[in-house]
Amino acid sequence: MSTNLLRKLFEAVGSENVVQVEETVTKLSKDYYWYSPVLDKQLEHKRADYVVIPDSYETLKAVLQLTVKEKIPVTPRGAGTGNYGQAIPMTGGVVVDVSKLNKVVEVGEGFVTVQAGMRIRDLEKKIMESDQELTIYPSTFVKATIGGFVAGGSGGIGSVTWGNLWDGNVLSVKVLTMNEEVSELLIDGADLLDYIHSYGTTGIITEVTIPIKPKSNWVQELISFSSLQDVLDFTRYIAEDDQWKKRLVTVVEAPIPTFFRPLKKVIQEKDEHLALIEIEESDLTRLKEEAKKFHGRSIYTAEASSYRKGIGISDFTWNHTTLWALKNDKNWTYLQNFFSLDDVHDQIGKIKKRFGDEVLFHIEWLRDKGKLIPAGLPLVYYQSQERLYEIIDYFNEIGASVNDPHTYLLGAGGWNLQLESIAKKKKENDPYELLNQGKLPTHLVKETIDQ
Ligand SMILES: Cc1cc2nc3c(=O)[nH]c(=O)nc-3n(C[C@H](O)[C@H](O)[C@H](O)COP(=O)(O)OP(=O)(O)OC[C@H]3O[C@@H](n4cnc5c(N)ncnc54)[C@H](O)[C@@H]3O)c2cc1C
């Protein structure tokens, strides 16, 4: 650390807002990148020079102003639960942790405005006071911040009904730019696409307004099937048909359920495939009856009164499924892909035939721009990077297109981002290219500079 710069930081934001314990600086320089053995190797030694945790909007602005003046790289951070090294500083500099900007600004009917650093679970508690609930949230909602979700996430619980972040689940954001004079912008409508899932490369989000809905009474249900085809057909029927009010429809192939240690008493057979469903309690009886028609057997029901009390079934879904697999055997990793709705059985059959149990299927049913998609988060038993990309290539070859989670580069993962527009916006908002350096593919950064 340069003592000169440290002194300037102290002057600008007060020493109480600067982290001075080395181990804490290292910890706050990391996220969940180690889910990927490829990223684990690449990012292991990356570390910030300084971490600032501003306790107010004014302090946040002051640290950004100083970094612009001194041309120091800045990496924004929420809770650091991202999986692609999004929050890891590639070139040192300052990590700015916004988790203390965590106040609700306004809860209205159908919307909430909140500071970016608020944890999503805390936000949920707040809006439930007015009998409303979130549309979508990641399975990490207990830790993750709302700003980090908007800047680094995609979808989650609720996406089977309401879609991803891009599907109207963000109404507006306020951002601070890195211009000579750090300034605030209010972004809404189509302009949001330059900020959603852009890893904070175009600005630091300070406030988020999201839609909220009247609260439902959610029941959590586990249904066991002996055939993967049956569980896929049943869950497709539930996910596709609007008559069911649901927020989570997940499928995991056997033996993944045996990785879920807290469910040990419930999951007794090694060859059980599982549907994990959150559904409105008025639909529960009918759901169980329908499941029987697909040869499904209800093995566990958590009544609405126990929702959010203790572990929930969403703790086994989305990327939590991978976490349980990793707890079981650290050689598991994962992919993200979109199966084709009409060819999903065929695609799964082909992959199974080629790779056997080296790939285990995990599917989240979701809507993307209104279209129902069986989105895969398959587990892959890692052998080498070469083999991993052989599997990815095969998925792509048969049309089960992969969003590669083994890269920290924005857009290289496969989300259909408007990368040129993001790069242009970066030039406007961050002319010295200080924000989250190294995450935007270099050819894009260079092209916009040359213009
Ligand atoms: C077990 C597990 C399960 C997960 N499940 C899901 C899931 O269901 N759905 C999903 O979408 N993701 C999921 N994720 C990924 C991650 O948890 C979420 O995307 C989460 O919302 C990120 O929030 P965070 O506060 O931890 O953000 P961080 O990891 O801190 O940051 C994410 C990105 O946003 C940037 N950023 C953070 N705050 C700001 C800000 N205020 N302004 C600008 N940029 C900012 C960071 O630089 C980084 O690039 C999962 C991860 C794990 C480990």
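Residues numbered from 1 in each chain as written. Predicted model: local features only at pLDDT ≥ 70, side-chain atom pairs only at ≥ 80, totals over all residues. Heavy atoms only, no water.

The name recorded for the chain in an unreviewed UniProt entry is FAD-binding oxidoreductase, from Halalkalibacter kiskunsagensis.

Colleague: Which residues make up the pattern of salt bridges, and what are the values?
Modeller: Counting across every chain of the model gives 22 salt bridges. Residues E272 and R297 are paired through a salt bridge, measuring 2.9 Å at the closest nitrogen-oxygen approach. Residue E272 is located in the loop between β11 (246-252) and β12 (273-280), and its partner R297 is located in strand β13 (residues 297-302); the two are separated by 25 residues in the primary sequence. According to the relative accessible area criterion, E272 is buried, its value standing at 4%. Connected through shared salt-bridge partners, R354, E358, R387 and E390 make up one network. (Salt bridge = Lys/Arg side-chain N within 4 Å of Asp/Glu carboxyl O. Helix = DSSP H or I, 4+ residues; strand = E, 2+ residues; numbered from the N terminus. Buried < 20%, exposed > 50% of the residue type's maximum accessible area, 1.4 Å probe, protein only.)

Colleague: Report on the site of the ligand, specifying residues and quantitative values.
Modeller: Around the ligand, the structure places 36 residues, and the nearest of them are P76, G78, T81, T145 and G155. One of the backbone nitrogen or oxygen atoms of G78 is found 2.7 Å away from an oxygen atom of the ligand. The separation between an oxygen atom of the ligand and a polar side-chain atom of T81 is 2.6 Å. Summarising the interface, the protein chains cover 98% of the accessible area of the ligand, which totals 970 Å² for the free molecule. Counting only elements with at least two residues in the shell around the ligand, the list comes to β2 (74-77), α6 (146-152), β9 (204-214) and α10 (319-328). For the shell around the ligand, the element with the most residues is α6, which contributes four residues. Considered class by class, the residues forming the shell around the ligand number 15 nonpolar, 20 polar and one charged. (Near = heavy atom within 4 Å. Polar contact = N/O pair within 3.5 Å; in protein donor to acceptor, adjacent residues only side chain to side chain. Areas by Shrake-Rupley, 256 points an atom, 1.4 Å probe, with all protein chains shown as cover. Nonpolar A, V, L, I, M, F, W, Y, C, P; charged D, E, K, R; others polar.)

Colleague: Lay out the pairing of β12 with the relevant residues and their values.
Modeller: Buried residues dominate β12, accounting for eight of its eight residues. The pairing of β11 with β12 spans six bridges and is antiparallel. Across the sheet, residue T250 finds its bridge partner in β12, namely L276. (Pairing = 2+ DSSP bridges.)

Colleague: Which residues make up the pairing of strand β10 (residues 218-225), and what values go with them?
Modeller: Buried residues dominate β10, accounting for eight of its eight residues. Side chains of β10 alternate between two faces, with W218, Q220, L222 and S224 and V219, E221, I223 and F225 buried alike. Pairing of β10 with β13, which is carried by five bridges, proceeds in the antiparallel orientation. Each bridged residue has a counterpart across the sheet, and for S224 the counterpart in β13 is R297.

Colleague: I'd love a proper account of the side chain of N337, names of residues and values included.
Modeller: For N337, the location among the structural elements is in strand β15 (residues 337-338). Not counting chain neighbours up to four residues away, the residues in contact with N337 comprise P374, A375, G376, L377, P378, F395, A400, S401, V402 and N403. (Contact = heavy atoms within 4.5 Å.)

Colleague: Pulling in residues and values, what's your account of the sheet that holds strand β14 (residues 332-334)?
Modeller: Here we have three strands laid out as an open sheet, ordered β14-β19-β16, and antiparallel in their pairing. With partners counted over all chains shown, the strands left at the sheet margins are β14 and β16 (359-360), one partner each. Of the strand pairs in this sheet, β14 and strand β19 (residues 379-381) are connected by three bridges, and their pairing is antiparallel. The partner of T333 across the bridge, within β19, is V380.

Colleague: Would you mind going over the packing of aromatic side chains in detail, with residue names and values included?
Modeller: Overall, the coordinates contain 16 aromatic pairs when judged by the stated rule. Plain terms: the ring middles of Y32 and Y35 are 6.2 Å apart, the flat faces sit at 70° to each other, and that makes the pair edge-to-face. Looking at Y32, the relative accessible area reads 22%, which means it is partly exposed. Each ring, one from Y237 and one from W244, has its centre 6.0 Å from the other, and the planes form 85°; the classification is edge-to-face. Members of the aromatic cluster, each reached through a chain of ring pairs, are F225, F234, Y237, W244 and F294. For the cation-ring pair, K71 lies above Y432, with the distance from its terminal atom to the ring centre recorded as 4.1 Å. (Phe/Tyr/Trp six-rings, centres within 6.5 Å; stacked < 30°, edge-to-face > 60°. Lys NZ or Arg CZ within 6 Å of the ring centre and 35° of its normal.)

Colleague: Describe the sheet that holds strand β3 (residues 94-97), listing the residues and the values that go with them.
Modeller: The strand order across the open sheet built from three strands is β1-β3-β2, with neighbouring strands paired in parallel fashion. Both outer strands of the open sheet, β1 (50-52) and β2, are each paired with one neighbouring strand and no more. Within this sheet the neighbouring strands show an average axis-to-axis angle of 25°, counted without direction. As paired strands, β1 and β3 are joined by three bridges and run parallel to one another. Considered in β3, the bridge of V52 is made with V96. (Axes fitted to C-alpha atoms, helices over the stretch in contact; angles between N-to-C directions.)

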